[in-house]
2 protein chains.
Amino acid sequence: MEPRILDSVLDQVRRALEQDDVTGAVNIIEALRPSDQAEVFAELDDATQIALLPRLDPDDSADILEKLDDEEVAELATALPSEALIRIVDEMEPDEAADLLGDIPQDKAQRVLAGLEDPEEIHPLLLHPDDSAGGLMTSEFLALRRRMTAAEALEALRVWKPEAETIYYMFVVDAVGRLCGVVDLRQLVMADPGTPLADIMDPDVISVTVGADQEECARLMSHYDLLALPVIDHDRRLLGVVTIDDVVDVLEDEATEDIQRLGGSQPLGRSYLESSVWLVMRKRIGWLLLLFLTESLTGTVLRHFEQELEAAVALAFFVPLLIGTGGNAGSQTTSTIIRALAVGDIELKDALKSLWHELRVGLLLGLGMATAAYLRALSWNSTPDLAATVALAIMTIVIWANALGAVLPLLATRLRIDPTVVSGPVMSTLVDATGLFIYFTIARLLMGL
Amino acid sequence: MEPRILDSVLDQVRRALEQDDVTGAVNIIEALRPSDQAEVFAELDDATQIALLPRLDPDDSADILEKLDDEEVAELATALPSEALIRIVDEMEPDEAADLLGDIPQDKAQRVLAGLEDPEEIHPLLLHPDDSAGGLMTSEFLALRRRMTAAEALEALRVWKPEAETIYYMFVVDAVGRLCGVVDLRQLVMADPGTPLADIMDPDVISVTVGADQEECARLMSHYDLLALPVIDHDRRLLGVVTIDDVVDVLEDEATEDIQRLGGSQPLGRSYLESSVWLVMRKRIGWLLLLFLTESLTGTVLRHFEQELEAAVALAFFVPLLIGTGGNAGSQTTSTIIRALAVGDIELKDALKSLWHELRVGLLLGLGMATAAYLRALSWNSTPDLAATVALAIMTIVIWANALGAVLPLLATRLRIDPTVVSGPVMSTLVDATGLFIYFTIARLLMGL
């Protein structure tokens, strides 16, 4: 929605509400497209949202809840009366409904579940974590038997009248519900009506097990250009289907989390302006304090070399320059390596290859930076000794930073920690203390301090 | 493909090639799924690739080229004889073919274009930049007339036998080719055969103009959960269709570029291990040198305060700690703001709101860090004067870094520069020099140096 149009719609809604014309406000919202309804709705304050939601068509309310951030939905759902919530949840896609029920107090979730028309559609989905294939899949899908003909399958489709995108790929199962093929609507429409599905379907169907990570689902669907991915249990029984629209959201959310973590913060988990100052602060202070404590090591190193520093105060002039450059080189490396891991360009087994790659890149960068640093030092009237020290130190620090930046994300992955913990700020902090140590050690040797 | 399976397939292919059994190697590759063919193919060396490509079924070669990185495709296509290339390009999707022709020498592209079966399918696509809706769209789509019935539309489909995913959404145009509605295959299958499309179609169709940025396409398709997005010219005439599989790739590539830029490097534009050491170095050295020159300002500030530094060498111990913390706070802010801009959570008009948000977050973080810094300074036996200086300095620096981190990405956007230029490394570098100035100014005032 254009910001200008959004603002004008919001104005209309607010004006209606100021005149206590709730029906008017409801009508304005219901005239919009589902995604736009959610956008307008998100801008209203909490009390208005809670007042409006039960008044809207439950179908529209369901669409709106499916579009909002999980945390917001949980707050709204908790505040709504159970009766109203049941009417709305009945209209939601099973996977979204399961997410919602998993995020509200358990007793309320039980009450809502008991009141639903099709609780058995949602119940199995509640067992799986949100970020697994089982949490992402919908249980609303059409499984066809392999002996059916194309005409029978189309007839089943007409009777079932599915709303979802799941219709474009239909999965074929055997007598005990095991996945044995995939057929798309296009093939079905084009086939001779009497052909059995077994002859139309593609038996080579790509699937995931229910516990697979959501990033794995996204990677498979992106790699094989799939619109739907079947989810099976360990006996190959078909449990549900992950659709491409969910995966697009996963890709966006995962990239957002990675970028926030690479900036040295915990992911916010909701959109920025909706995050309170306290929330943003809480997500950042932990890393900031931890990095502060680690960075304190620089003070320890400096105090250790206090004598050298007093003998040549000029050494201090280059401290921020050297450790800053090291941190920058480390950041460059680590962000490249972490993204390469995330999109599957490199894996754990490529650790040595990556290290060797970065050592050579570090050597080239180090030579370039050493030249720049030597000239800069001379231009500050440094002695040739000091200039040589600075040049040699910056080269060593850059190579060291590149090696560290290549190895640490892979080490984290090996230890089953998210590699984004090795963020830019973590890299600069680690390189700062070690870089100082390198610098003063070289100074002691070269300048005979 | 499982790495283990990939390795074993590669072994087989290489063994066949060692025995000069090219046909054997070709057969092994052709037995794989299209995406897996590309994965195996990408691991072979350039000479083998060029030898194998003309021997594979042109249909498979086309699929492989569509899956490889653009740079790699350009190299291969340039090396292949024109005859072989024409056979392959004939089988490619028009949008991918246009991308390829745009990346190879112009005279060769002209020769290939002249030899194609349907050059007019590709010709209009060559006019649009790769990263616009026009560059992303395919011209292979079915436009239906509004007076057609559902049965006639299905018949048209059977005759046309499209291969692409574009079939799931069909767009309806009026007599002069202007987009007037969308109908999906599901609706068509379910409708009474005699119903005219005008009665089935949804006239409220979301579209983009041909010059729209690819990120805008991705945002619309993700926001409205679309599988296909029609591309129109300024007279609303339908020119092509962007499909969801292209957008999934755009989302991944854009996130990769953003993450690499946020790490302070230019995007590599190809996968990591395929990037030569020279390429990686060239993408990084520019920023590293520029940041080095900017970071030199820290030396200028330190030399300006040389007198204070000599009077109290202990001041130097806190330098990395203070500027490191400032850089980290700035990185946290800037990565959050840049991602919020990229996914559309905030816009230019929210500049003041974001600044106000970050000033308050900075105040809270600053108070926390000041407490930590005060205690740390006392634990290093600093005088109360020095401890107070350090605490006040760290608070000021954190607030300053947050404000800068909030404003600079928005300022860049305002100046039509990609906001990711304000990467973590840029933030730390900017905060370093200004942070030192803040620190020594406070020291001069508080400690009376």
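Rules used in this analysis
Residues numbered from 1 in each chain as written. Chains lettered and ligands numbered in written order. Predicted model: local features only at pLDDT ≥ 70, side-chain atom pairs only at ≥ 80, totals over all residues. Helix = DSSP H or I, 4+ residues; strand = E, 2+ residues; numbered from the N terminus. Rg over C-alpha atoms; globule rule 2.2 N^0.38 Å. Contact = placed C-beta atoms within 7 Å. Pairing = 2+ DSSP bridges. Axes fitted to C-alpha atoms, helices over the stretch in contact; angles between N-to-C directions. Nonpolar A, V, L, I, M, F, W, Y, C, P; charged D, E, K, R; others polar. Domains from an automatic or database assignment. Least-squares fit on C-alpha atoms with pLDDT ≥ 70 in both. Core = buried A, V, L, I, M, F, W, Y, C linked by C-beta atoms within 7 Å. Buried ≥ 20, exposed ≤ 12 C-beta atoms within 10 Å, placed from the backbone. Parallel < 35°, antiparallel > 145°, perpendicular 65-115°, else oblique. Left-handed = near helix turned anticlockwise from the far one by under 90°. Arc of directions from axis to C-beta. Expected span 1.5 Å × (residues − 1).

## Quick word on the overall build of chain A
- From N to C terminus, chain A includes 23 helices and six strands.
- Against the compact-globule benchmark of 22 Å for 449 residues, chain A has a radius of gyration of 29 Å, which places it well outside the compact range.
- The principal-axis extents of the C-alpha atoms in chain A amount to approximately 90 × 65 × 40 Å.
- Taking the contacts inside chain A whose residues are at least 6 apart along the sequence as the reference set, 70% of them involve residues at least 24 apart.

## Thoughts on the sheet that holds strand E4 (residues 208-209) of chain B
Residues and elements named next belong to chain B.
- Across the sheet, three strands lie side by side as E4-E5-E6; this open sheet has mixed pairing. Two strands close off the open sheet at either side, each with one partner strand: E4 and strand E6 (238-243).
- Of the strand pairs in this sheet, E4 and strand E5 (residues 228-232) are connected by two bridges, and their pairing is parallel. Looking at the pairing, Thr209 lines up with Ile232 of E5.

## Focus on the sheet that holds strand E1 (residues 143-145) of chain A
Residue and element names in this part refer to chain A.
- Spatial strand order, E1-E2-E3: three strands in an open sheet with mixed pairing. The open sheet has two edge strands with one neighbour each: E1 and strand E3 (179-184). Strand-to-strand twist in this sheet, taken as the mean axis angle between neighbours without regard to direction, amounts to 40°.
- Alignment of E1 against strand E2 (residues 169-173), held across three bridges, turns out to be parallel. In the strand pairing of E2, Ala143 is matched with Phe171.

## A closer look at the interface of chain B and chain A
- With 98 residues of chain B at the interface, the matching set in chain A holds 98 residues.
- Ranked by residues supplied to the side of chain B that touches chain A, first place goes to helix H20 (residues 319-342) of chain B with 16 residues.
- Split into classes, the residues belonging to the side of chain B that touches chain A amount to 49 nonpolar, 26 polar and 23 charged.

## Digging into the domain arrangement of chain A
- The domains assigned to chain A are domain 1 (3-127), domain 2 (143-250) and domain 3 (272-447).
- Relative to domain 2 of chain A, the C-alpha centre of domain 1 of chain A lies at a distance of 30 Å.

## Remarks on the environment of Leu53 of chain A
All names here are of chain A.
- Tracing the sequence through the fold places Leu53 in the loop between helix H4 (46-52) and helix H5 (58-67).
- Taking the C-alpha atoms as reference points, Leu53 and Leu85, 32 residues apart in sequence, are found 9.1 Å from one another.
- Excluding residues that lie within four positions of it along the chain, Leu53 makes contacts with Ser61, Leu76, Leu80 and Ala84.

## Some points on the relation of the copies chain B and chain A
- Superposing chain B onto chain A requires a rotation of 180° together with a translation of 0.0 Å along the rotation axis, leaving an RMSD of 0.1 Å. When the rotation and shift are considered jointly, the pair of chain copies conforms to a two-fold rotation axis.
- Interface overlap between copies is the fraction of interface residues in one copy that are interface residues in the other; for chain B against chain A it reaches 100%, indicating a shared surface.

## Things to note about the nonpolar core
- Ranked by size, the top nonpolar core spans 202 residues in total, and within it Val242 and Ile394 of chain A together with Val242 and Ile394 of chain B carry the most contacts.
- Not counting the four nearest positions on each side in its chain, Ile394 of chain B is found in contact with Leu322, Thr325, Met369, Ala370 and Ala373 of chain B.
- By size, the runner-up hydrophobic cluster in this structure holds 28 residues, among which are Ala38, Val40, Ala77 and Ile122 of chain A.

## A word on the environment of Leu44 of chain A
Residue and element names in this part refer to chain A.
- Within the secondary structure, Leu44 is located in the loop between helix H3 (34-42) and H4.
- Residue class for Leu44 comes out partly exposed when judged on the 18 C-beta atoms lying within 10 Å of it.
- Considering only alpha carbons, one finds Leu44 and Arg14, 30 residues apart in sequence, at a separation of 8.5 Å.

## What to know about the packing of helix H20 (residues 319-342) of chain A against helix H23 (residues 424-447) of chain A
All names here are of chain A.
- Packing of H20 against H23 leaves a shortest axis separation of 8 Å and a crossing angle of 135°. One element, H20, and the other, H23, form an angle in the oblique class. In the packing of H20 onto H23, the handedness of the crossing is right-handed. Touching Val319, Leu322, Ile323, Gly326, Gly327, Gly330, Ser331, Thr334 and Ser335 of H20 are Gly424, Met427, Ser428, Val431, Asp432, Gly435, Leu436 and Tyr439, all from H23.
- When the residues that make up the contact of H20 with H23 are grouped by side-chain class, the tally is seven nonpolar, nine polar and one charged.

## Details of unusual backbone geometry
All names here are of chain A.
- Within the chain, Asp20 stands out as a residue other than glycine whose phi angle is a positive 55°.
- Examined against the element boundaries, Asp20 turns out to sit in the loop between helix H1 (3-18) and helix H2 (22-30).
- One non-glycine residue, Arg236, lies in positive phi territory at about 65°.
- Among the structural elements, Arg236 can be located in the loop between strand E5 (228-232) and strand E6 (238-243).
- For Arg236, a count of 16 C-beta atoms within 10 Å gives the class partly exposed.

## Concerning helix H15 (residues 214-223) of chain B
- For H15 of chain B, the set of buried residues is Gln214, Cys217, Ala218, Met221 and Ser222 of chain B. The buried residues of H15 of chain B occupy an angular sector of 125° when the element is viewed end-on, so they sit on one face.

## Here we look at the packing of H15 of chain B against helix H16 (residues 244-262) of chain B
Residues and elements named next belong to chain B.
- One way to put it is that H15 packs onto H16 with a least axis distance of 9 Å and a crossing angle of 115°. In this structure, H15 meets H16 at a crossing whose hand is left-handed. Contacts from Gln214, Glu215, Cys217, Ala218 and Met221 of H15 reach H16 at Ile244, Val247, Val250, Leu251 and Glu254.
- Of the residues assigned to the contact of H15 with H16, the class counts are seven nonpolar, one polar and two charged.

## Quick word on H16 of chain B
All names here are of chain B.
- Taking 1.5 Å of rise per residue, 19 residues should cover 27 Å, and H16 covers 27 Å from first to last C-alpha, within 8% of that figure.
- Burial in H16 covers these residues: Ile244, Asp246, Val247, Val248, Leu251, Ala255, Thr256, Asp258, Ile259, Gln260, Arg261 and Leu262.
- Looking one or two residues past H16, Gly264 carries a phi angle of roughly 85°, positive in sign.

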